[in-house]
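# Structural overview
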Amino acid sequence: MALNLRSSFWAFGCFLLCLYDAIGIVSGQSQFCSFFGNRSPGPQPGLQNCTWYQESSCCTNEEITSLFAAVNPPDQANGNCRNFINYLMCYVCDPGQSNFYRSERLTVCRDFCDDYLEACTDAILKGFRLGSRFGTNGTSFCTSLQFEVGTEPETCFTLAPDRRTLRASSGNLRPNFMLVCIIAAILGGTSASIRSLLLALTIVLLAMSMGTLGALPSDTNIQDMARAMETSLVNIASDGIQRDMIQDLYESAASSRQPLNATTILETIRGQLDNLVTDLNYTVMQLETAIRSARVDYINRGSPPANLSWLPPSVFTDADDPLTFANLNTTYNSTYQRPVSFQQSAVKIPDEAVREATASTVMWTAALDDVLPMLQQRRNVRWTYFGSETGMYRSFPAAEWPSTFAGFKSDYDPRAQPWYLSATSGPKAVGIFLDCSDSMDSRQRWEKAVAAVESIVNSLTREDRINIVCARGSYYNSGGVFRTENFRVLGCNERAMMQATVSNRQILLERVRDERPRGSPRDHVAALLRLVAMFPTGSETTCTNVMVFITDGKDIDPGHFGSRCSNGRGNSHGCRIIRLDRQRIWDEVASAHSTRNVRVIAIETGNEGSEIPGTMACQNDGVFIQMNSTTNVRFQLSPYFSYLSRLTRPRTDSIQPTAPYVDVRGLGRILSLSIPIYDIGINGNLLGVVGVDAVLDDLENTLLDDQFGLSYAFLIDREGRAIIHPRLEPSAELISDPVYPHISELELNSQMQPTEFNSMVLPNLLAQRTGRVGPVTGPRPQQRGSISDGVVFVDGVVFTYHYTALASTDYSFAFVLTEEDTDQNRLLAREYNVSQAVNYYHELTNYDATIQNLIRVSSSEPNYNGLAITTLQSTFKLAAQAFCDPTRYLLAGVPDINSVHAFFNGNATAISCDSGGSFLPDIRPTVWTTQPMQDIWINNRQPSTSIEVVWTYFGSANGMWRSYPGSRSVRSYDPTRRPWYHRALSNPPSLYATSAVYLDAGGIGKIVTLAQTIFHSKSVSARPGMCSTSGDLSGDCPCTTHTECSSNYCDRGTCANPAIAGVAAVDIRYERLATIVAGTLGGVGVPADSQCTQPNIRCLLINDAAEVVYDETIAAVPLGDRRNFENVPLGQLFGNVMFALLEEGIFTRFSFLNRQGTCQNSDYAPSVSDRDLILTAEQEDTFFENRGPIPPFQNDFGCELNQVQFQRNPSTQLSQSVSRTNIVGPCGTESFRIFPVNNTNLMLLVIEQVEVPNAFFNFNCVVFNNVVRSGGFRSSDSACTLDSAGGEPSTACGVFTNYIPSCSFNTASDLVSSLSVGLLLITSALTVRFA
């Protein structure tokens, strides 16, 4: 009886678990990985370091390998110290890290700090012995590493025993308790009656979870469902937006058509850009004069050699020393997005430099502080600096250097930076011959070779060309069996050099790391010939051809076979030696040197014989380098870098501009101008390079602010690469050095071909001419949504290219003006009406308490997640383009909210931008014209609409944004660059353009936007005689259909003005949308077996891009799992159905190469907590001011993607539904029926899942869905820029000096080679020198 009772309790417990599973109760997530974007920890059995976290870890082996490689331990650190550093760095794997790593701040326990310092007391960090500097005070030591120090073990990182214990994984895996129930009921030791009861209850629960199977609705049924859905959504959108009333505000506003003069616009833009270039040129020339003067004074004074420890802080402010900066008067500066001091410069010494060797350079360059503050007063100038050949880097203003995740300062060597390399060596083609034969697989030969490749490849810029050949050949194994091996070209282009873009460099390094030595030198000659053939010849664009030959110097096949033969252990196959033809190698290298001017850098990693690499280098005016270790690689390769800098000298007054790149200190995309400095005397050595930076935001804002309608501007460089273009990612959103596509990839016709542009415009731009081409009639692209959404083409547009060049630069720009935009609609200035309602600027909490109380600013309104809002008022916000100085606004915001409030609520004289004003002239009229919208939204909508709509807003074409309820927006928010704005413009104006689900920028969760276009006044656009041609009727012409009008919108009997005033929209919480859809589709008289509630029936709403707007599964997706609710493509869920819709012609597929896509280093993992991830607007605006010193893992990097998109086929008109039954595919068998939701861009799709494969994971289904879904796809080919060097000779090339260095090497016997043939030749070491 007792046994039965216990078994009954056990079985009943299982039933409770079964009930738990059926109703879907999931326990909360207690641990998350705050260093890795708040993802969940999990088992990582492959960890090779931090192995005590294998059972539950936040990191992967690949991540810690990458992270740890970037940290250089202090000099003279003993084994115990290195262990402590390793333990500390393992905090990134700790599954409890959310307790001690938060907001980019790491809290370390005090006892650990004491033990850490004790272990490292003899180590030297940045010239200081730690024990001498900190004594036994571990707290001070950890504070100097910018850690927080704590005492509570639960909130700080330590190695106490309780912290070393493995933590159980808190992942999202959930056991199948239903299965446990069934097993318990059948096998449990209970009575038959209890087992029967449990089985019955289990079956009931299974039925509850499965339901009865339904059938596909009929054509009539789905049309009824779609019409009901139309009624629900259109009622909400029309009542929420009140389009007609908003349109009437513009119809009654005082406005006029103002003709635009393209020449004036072009000259204005050029003037602004010329000012920027002038500032940079002036600064770098003054900096050059100052550095030369400082050098002369130092030599004339005969100053004694300096020692860093002797130098006062006024001479040597160490950018790596937090204690120095603690005593320096630094304040946060929004321009630099960090605390800086304008009183002096700071010095950075790279890890691989010999610190004391930089002392004299530090001393004499301190004189720059006399001139740097004056140079910094020019508004376009950012960092100014000097990088020396010794590795010292002095920059102004003084700023502490960023830290790594381990607390040590990140490394920075000026000699490997784009601005230094472009000034000293110019564009070059670098071909690397990498010996991948078996003899490299011992004594760290391969590891040294890989380290050399990494250092060389990472030193290249996009101006350079690169390719690598992994050389190996066939061989006989130890059993005498012939094994086939071939050399491999590691670049994407196997026949030519590739541009050394970030993406290309990354791919090359990934492929080098994936290689392992094997094979013989049999094909080394063939590999060399392939590499030599890649070098540019004649007029192709490079300054210098350099071949880097990396080998161990051995010339026979695999070492283990040679050893077998040398020891006389032959077998029936005998000893078959494959030897390198060294003479042939030398001859081919000599030929490349004489015919292609290829210079040779030979790097030996074997230390057993240097004759082969040494001869090829020294006989061909090159350099021979012997690598002894994998540390201090940059120092070991210094002869290579010095050789390149001396091979060319700059032309007279040669200021070298770089291609834009991402600033390591966080200023985003920057452009550098630099010039080399040589020592006094004719044969003076290179001293270093002076340079100055400008942020590309200044250029971008200048160009993109003149974008309206289908008109826009763009900037290209001398190679035709597009630097700024509306179809490129904004500078602020780029995460690494971007790839710049050729302009011909962006200026396309509807067949995605640049034919007219290439033949008529591009030659003039590349020749830096001034002129115009046009008018031209053809299709023009219009952005569909975000950059990755691609474009739609508007046919029959008349447009003209106006172009010119920037003086003293390699840049040209063009302004594309359409005929429709030549007369621009402008709201006219008028007197302020004191009786109208007040306009409130969006920064509500910056108003004084009286005003906040007056308009009832509250952070406790339901459904707004603690945001400070007012339901009594709307607020307005201005995008950067609305300001006279967009960059200053983006950095610092408005200086005073009271003055802004007074200007927009009174008749203060508007000051023009040329006279020092703040706002563009049409901004105040726009604010006044849109002010009555708040009364329309508050007083004219039904109460039910107010429940459904969370935000209502209007974004004007000139960058004004008015929203209700009033709330703060992030400073960088620009309505004209938001996907909802572009989606409205790319859809017919009569439709309510509906977005996919996305995360609200205001922080209230998942939302869906419905938007409509608003036009300027019809009367302004009326043109006499233009009311006769149907399809091109101007504004105010009588109409009956939308297609008669040139605006494509017939507004209450007359055509709308084609000029866009803006877009009005409403946001609906996804949860409310789901309720609306379920309620609507469940109440239209559809038969019960066809309703969406049936378990095998899925009802979806999809938009014109085949993105899911509604699906029952989206509501349950956590906010941290954005990939599975934001812009979800239909193909990701139902590949079979998407494929069928393409076959039916309902959607069309298009693809393009997105050169500025985003890829991830680690596999995607959703966030399980939103802590520190979802920020308020105020937190985002002050992020840089308040951010911590320890940056989180950067998982994203820039890459090239094959971007696949779908769009609704406008030629496929559906008068009845389209259906397909029993579609058989990898994902099962499905039937569907689809019908449009009229007056929207949506379609109702009902799917019957006839049969689903009974597999835990259907790999074939995942692969098939990826084929038919939209999104970005990275392959090894698409990740590479497949261009080779070509075109005109580079104007950036300096004067070739024909520099011939001193070159020498040691020869030694190859004992293995000699003994393998039974002859021992002992050759004494012989030094060979070449003059």
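Cut-off values and rules
Residues numbered from 1 in each chain as written. Predicted model: local features only at pLDDT ≥ 70, side-chain atom pairs only at ≥ 80, totals over all residues. Heavy atoms only, no water. Helix = DSSP H or I, 4+ residues; strand = E, 2+ residues; numbered from the N terminus. Buried < 20%, exposed > 50% of the residue type's maximum accessible area, 1.4 Å probe, protein only. Contact = heavy atoms within 4.5 Å. Areas by Shrake-Rupley, 256 points an atom, 1.4 Å probe, with all protein chains shown as cover. Disulfide = S-S within 2.5 Å. Patch = residues over 30% accessible without salt bridge, like charges linked within 9 Å, V, L, I, M, F, W, Y side chains within 5 Å. Salt bridge = Lys/Arg side-chain N within 4 Å of Asp/Glu carboxyl O. Core = buried A, V, L, I, M, F, W, Y, C linked by side-chain atoms within 4.5 Å. Pairing = 2+ DSSP bridges. Axes fitted to C-alpha atoms, helices over the stretch in contact; angles between N-to-C directions. 1 Å grid on protein atoms, 1.4 Å probe; cavity = no way out; pocket = protein on both sides within 12 Å on 5 of 7 lines; lining within 4 Å. Points joined across faces, edges and corners; volume = space filled by probe spheres on them. Nonpolar A, V, L, I, M, F, W, Y, C, P; charged D, E, K, R; others polar. Parallel < 35°, antiparallel > 145°, perpendicular 65-115°, else oblique. Left-handed = near helix turned anticlockwise from the far one by under 90°. Lys, Arg positive; Asp, Glu negative; His and termini not counted. Charge placed at Lys NZ, Arg CZ, Asp CG, Glu CD.

What follows is about the overall build of the chain. When helices and strands are counted, the chain shows 42 helices and 54 strands. When each of the 1331 residues of the chain is scored for burial, the buried share is 57%. Long-range pairs, those at least 24 residues apart, make up 73% of the contacts in the chain between residues at least 6 apart in sequence. For the chain, the accessible area works out to roughly 53600 Å², and carbon and sulfur atoms hold 51% of it.

A word on the state of the cysteines. Defined simply, a disulfide is a covalent bond joining two cysteines at their sulfur atoms. One pass over the full model with this rule turns up 13 disulfides. There is a disulfide in this structure between cysteine 59 and cysteine 93, and the S-S distance comes to 1.9 Å. Between cysteine 59 and cysteine 93, the S-S torsion sits near 90 degrees, and that sign places the bridge as right-handed. Highlighted residues: cysteine 59 in the loop between α1 (2–23) and α2 (61–69) and cysteine 93 in the loop between α3 (79–89) and β1 (101–102), separated in sequence by 34 residues. According to the relative accessible area criterion, cysteine 59 is buried, its value standing at 0%.

On the surface, Val296, Ile299 and Ile680 cluster together into a nonpolar patch covering about 240 Å² of accessible area. Note on isoleucine 680: relative accessible area 53%, which makes it exposed.

Ranked by size, the top nonpolar core spans 99 residues in total, and within it Leu878 and Leu1101 carry the most contacts. Broken down by element, this core gets its largest block of residues, nine residues, from helix α10 (residues 219–241). When residues no more than four places from it in sequence are discounted, the contact partners of leucine 878 are Tyr841, Phe883, Tyr889, Phe904, Phe919, Ile923, Val927, Gly959 and Met960. Residues Leu273, Leu276, Ile677 and Leu699 belong to the second largest nonpolar core, which totals 55 residues.

A separate point is the sheet that holds strand β46 (residues 1147–1160). The sheet built from three strands is open, its strands ordered β46-β47-β51 with antiparallel pairing. A single partner strand is all that each edge strand has here, and the edge strands are β46 and β51 (1271–1273). Averaged over neighbouring strand pairs, the angle between their axes works out to 30 degrees when direction is ignored. Relative to strand β47 (residues 1196–1208), β46 runs antiparallel, the two being bridged by 12 bridges. By the bridge assignment for β47, glycine 1157 is matched with cysteine 1199. Helix α38 (residues 1135–1143) rests against β46 and β47 of the sheet, and its axis sits at about 130 degrees to β46.

For the structure on display, the rule yields nine cavities of 30 Å³ or more. Looking at the largest cavity, its volume works out to about 170 Å³. Lining the largest cavity are 14 residues, and of these Leu125, Lys126, Ser144, Asp320 and Pro322 lie nearest its centre. For the lining of the largest cavity, the element with the most residues is helix α5 (residues 130–134), which contributes three residues. Residues that form the lining of the largest cavity fall into these classes: seven nonpolar, two polar and five charged.

The next point concerns the environment of threonine 330. Position of threonine 330 relative to the elements: it lies in the loop between α13 (322–326) and β7 (331–333). Sequence-wise, threonine 330 and glutamate 400 are 70 residues apart; in three dimensions their C-alpha atoms are separated by 9.5 Å. Among residues more than four places away in sequence, those in contact with threonine 330 are Phe325, Pro339, Val340 and Ser341.

Counting buried residues along strand β2 (residues 105–109), four of its five residues qualify, which places the element largely inside the surrounding structure. Across two bridges, the pairing between β1 and β2 is antiparallel. Paired with arginine 102 across the bridge in β2 is arginine 105. The sheet contact formed by β2 and strand β5 (residues 148–150) spans three bridges and is parallel. Looking at the pairing, valine 108 lines up with valine 149 of β5.

Two numbers describe how helix α21 (residues 582–596) lies on helix α22 (residues 611–618): the axes approach to 9 Å, and their chain directions differ by 20 degrees. For the element pair α21 / α22, the angle class is roughly parallel. For the pair α21 and α22, the sense of crossing is right-handed. Every residue of α22 that contacts α21 at Arg582, Ile585, Trp586 and Val589 is listed here: Glu611, Ile612, Thr615 and Met616. A breakdown of the residues in the contact of α21 with α22 according to their chemical character gives five nonpolar, one polar and two charged.

We now examine the pattern of salt bridges. Tallied over the full model, the rule gives 41 salt bridges. Note that arginine 1220 is salt-bridged to glutamate 1144, the shortest N-O span being 3.0 Å. With arginine 1220 in strand β48 (residues 1218–1225) and glutamate 1144 in the loop between α38 and β46, this residue pair connects regions lying 76 residues apart in the sequence. Connected through salt bridges with shared partners, the residues Asp244, Asp248, Lys1018, Asp1051 and Arg1052 form a single ionic network.

Another point: a negative patch on the surface. Taken together, the side chains of Asp111, Asp114, Asp115 and Glu118 define an acidic patch exposed on the protein surface. Its place among the elements puts aspartate 111 in helix α4 (residues 110–119). Under the relative-accessibility criterion, aspartate 111 is labelled partly exposed at 40%.

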